[in-house]
Amino acid sequence: MKLRFTKMQGAGNDFVVLDATRTPLDLSAEQMRRLGDRRFGVGADQILVVTRSDTPGVDFGYRIFNHSGEEVEHCGNGARCFVRYVREQGLSDKTTLRVETVNNLLELHLQPDGRVTVDMNAPVFDLPRVPFHAAGLRPHHVKVKGDRKGATFDLWPLAIKGRAVQVAVLSMGNPHAVQLVDDVDTAPVEVQGPLIEHHTSFPKRVNVGFMQIVSRDHIRLRVFERGAGETLACGTGACAAVVAGIRLGLLDPVVDVDARGGRLTIEWQGARDGLSSHVFMTGPAQTVFQGEIEL
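Residues numbered from 1 in each chain as written. Predicted model: local features only at pLDDT ≥ 70, side-chain atom pairs only at ≥ 80, totals over all residues. Heavy atoms only, no water.

### Focus: the pattern of salt bridges
Line of reasoning, step 1. In this structure the tally under the stated criterion is 19 salt bridges.
Line of reasoning, step 2. Arginine 216 is the salt-bridge partner of aspartate 252, the closest N and O atoms lying 2.8 Å from each other. Of the two residues, aspartate 252 sits in the loop between helix H4 (235-247) and strand S16 (254-259) while arginine 216 sits in the loop between strand S13 (207-215) and strand S14 (218-225), which places them 36 residues apart along the sequence.
Line of reasoning, step 3. Looking at aspartate 252, the relative accessible area reads 30%, which means it is partly exposed.
Line of reasoning, step 4. Overall, the relative accessible area of 34% leaves arginine 216 in the partly exposed class.
Line of reasoning, step 5. One network of salt bridges, with partners in common, ties together Lys7, Asp14, Arg38 and Asp45. (Salt bridge = Lys/Arg side-chain N within 4 Å of Asp/Glu carboxyl O. Helix = DSSP H or I, 4+ residues; strand = E, 2+ residues; numbered from the N terminus. Buried < 20%, exposed > 50% of the residue type's maximum accessible area, 1.4 Å probe, protein only.)

### Comments concerning helix H2 (residues 76-88)
Line of reasoning, step 1. Taking 1.5 Å per residue as the helical rise, H2 with its 13 residues ought to reach 18 Å, and the 19 Å between its terminal C-alpha atoms agrees with that figure.
Line of reasoning, step 2. Glycine 90 sits one or two residues past H2 and shows a positive phi near 75°. (Expected span 1.5 Å × (residues − 1).)

### Quick notes on the side chain of glutamate 197
Line of reasoning, step 1. Here glutamate 197 shows up in helix H3 (residues 189-197).
Line of reasoning, step 2. A distance of 2.7 Å separates polar atoms of two side chains, one belonging to glutamate 197 and the other to arginine 205.
Line of reasoning, step 3. Side-chain polar atoms of glutamate 197 contact the backbone nitrogen of glycine 227, separated by 3.0 Å.
Line of reasoning, step 4. Apart from the residues lying within four places of it in its own chain, the contact partners of glutamate 197 are Arg205, Val206, Val208, Phe224, Glu225, Arg226 and Gly227. (Polar contact = N/O pair within 3.5 Å; in protein donor to acceptor, adjacent residues only side chain to side chain. Contact = heavy atoms within 4.5 Å.)

### Observations regarding the pairing of strand S7 (residues 105-110)
Line of reasoning, step 1. Burial along S7 is one-sided: the residues Leu106, Leu108 and Leu110 are buried and none of Leu105, Glu107 and His109 is.
Line of reasoning, step 2. Where strand S6 (residues 96-100) lies against S7, five bridges are found, and the strand directions are antiparallel. Counterpart to leucine 97 in the pairing with S7 is leucine 108.
Line of reasoning, step 3. Alignment of S7 against strand S8 (residues 116-119), held across four bridges, turns out to be antiparallel. Looking across to S8, one finds that histidine 109 is bridged to threonine 117.
Line of reasoning, step 4. Connecting S7 to the next strand, S8, in antiparallel fashion are five residues, including glycine 114 with a positive phi near 95°. (Pairing = 2+ DSSP bridges.)

### Description of the packing of aromatic side chains
Line of reasoning, step 1. Counted by the stated rule, this structure contains seven aromatic pairs.
Line of reasoning, step 2. For the pair phenylalanine 132 and phenylalanine 202, a centre-to-centre distance of 4.9 Å together with 50° between the ring planes defines the contact as tilted. On the criterion of sequence distance, the pair formed by phenylalanine 132 in the loop between S8 and strand S9 (140-143) and phenylalanine 202 in the loop between H3 and S13 is long-range, its members being 70 residues apart.
Line of reasoning, step 3. Taking relative accessible area as the criterion, phenylalanine 132 reaches 3% and is therefore assigned buried.
Line of reasoning, step 4. Pairwise contacts between aromatic rings join Phe60, Tyr62 and Phe82 into one cluster.
Line of reasoning, step 5. Residue placement shows arginine 247 over the ring face of phenylalanine 125; its charged tip is 4.2 Å from the ring centre. (Phe/Tyr/Trp six-rings, centres within 6.5 Å; stacked < 30°, edge-to-face > 60°. Lys NZ or Arg CZ within 6 Å of the ring centre and 35° of its normal.)

By themselves, these are just geometric observations and shouldn't be taken as functional.
Following this line, the structure appears as structure tokens:
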């Protein structure tokens, strides 16, 4: 079959975007892998599929597949590309869109300067919902700054190559483990990333973030993504890192995140008395080229 596609990127996180609004697509995992292959296909971190939605008040469906062929729950950088795609393809003239993923509803807003802001919803700290199995682990309790009930935020010690690595665990619609490092350039991303991703405490595996705090409104970040390896940027990873830093009392509510592929701005007003505000991510999205491939 011949398949038309659009190649896009957001802060260096790159995607193959497919239109399934007119004709449904039923691609196999092997065909997804072919699309994502950088030598024998188009090449991408993930494949995004735009679909129709029958849900009232929702503009489109949004499906996300790793280049390995497996469907995943969320991709923030992909959501920004989603808005640019449907506008450029004439599928919508709205500047604000509501789209549904396999487990979430997102609101996306195209800014006048061409950047896109995504309402990433509230972070999830409930461990079974991440999901994270804490049996046999003893966390380090850090008091949550500003919580009047004295809540704590836990750092969990994971045994990695003979040493305990402390990680913050949360979900942004997909699971994340975030650790603090002195310098992201020398962080053991390629060594620890796959070991933490496949750690037995994460039954659905996990995205692994390495966060360097530059100041209260600026971090540097590298992310080893579940099923994709290290990418140049990860939107949900940026959100998870900033949320973790705020919960630990290390960051302000608005933070610039420098990934290897570019800068994202994350805003989170925190959680009060058990109620969490939504996380907002703003960053670039760009079409690289369009084409057709035989699958």
